[in-house]
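# Structural overview
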Amino acid sequence: MLSIPWDALSPLYKLIVGISMGVSAVGIVLAIVGANTGKMPLLYTAVGIIIVGVLLHVGGLMVRGRDARAYRMAQENSPRR
């Protein structure tokens, strides 16, 4: 499960990672705008949004770990030739 392509991953993992990247990208853009305009509340909000994106990414890693564990268990319980 560790070296499989994107197509074999679970839909939940794909969804969480996609949302995570989108949220982080919005946070980065807001941080750049806030830093260039000197608006500190916008900058602090952007940092909070980036943190939410990172937490979503960690959640996605947890889902991937759960899927890998289920895959290993299925392989161990399958009949061997």
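Since this is a predicted model, take the numbers as computed values, not measurements.

Relative to the 56 Å expected for 38 residues at 1.5 Å per residue, helix H2 (residues 40-77) spans 56 Å between its end C-alpha atoms, a close match to the ideal helical length. Restricting attention to buried positions, one finds in H2 the residues Ala-46, Gly-53, Gly-60, Val-63, Asp-67 and Ala-68. Buried-residue contacts for H2 involve helix H1 (11-37).

Attention shifts here to H1. Between its first and last C-alpha atoms H1 spans 39 Å; for 27 residues at 1.5 Å apiece the expected length is 39 Å, and the two agree. Every buried residue of H1 is accounted for by Tyr-13, Ile-16, Val-17, Ser-20, Ser-24, Gly-27, Ala-31 and Gly-34. Where H1 is buried, its residues contact H2. One or two positions beyond H1, positive phi appears at Gly-38, with a value near 80°.

Relative to the elements of secondary structure, Leu-12 occurs in helix H1. When the C-alpha atoms of Leu-12 and Ala-46 are compared, they prove to be 26 Å apart, with 34 residues separating the residues in sequence. Look past the residues within four positions of Leu-12 in its chain and what remains in contact with it is Val-63 and Arg-66.

A few words on the pattern of salt bridges. Overall, the coordinates contain one salt bridge when judged by the stated rule. Residues Arg-66 and Asp-67 are paired through a salt bridge, measuring 3.3 Å at the closest nitrogen-oxygen approach. Arg-66 sits in the partly exposed class, given a relative accessible area of 42%. Taking relative accessible area as the criterion, Asp-67 reaches 15% and is therefore assigned buried.

Rules of the game
- Residues numbered from 1 in each chain as written.
- Predicted model: local features only at pLDDT ≥ 70, side-chain atom pairs only at ≥ 80, totals over all residues.
- Heavy atoms only, no water.
- Helix = DSSP H or I, 4+ residues; strand = E, 2+ residues; numbered from the N terminus.
- Expected span 1.5 Å × (residues − 1).
- Buried < 20%, exposed > 50% of the residue type's maximum accessible area, 1.4 Å probe, protein only.
- Contact = heavy atoms within 4.5 Å.
- Salt bridge = Lys/Arg side-chain N within 4 Å of Asp/Glu carboxyl O.

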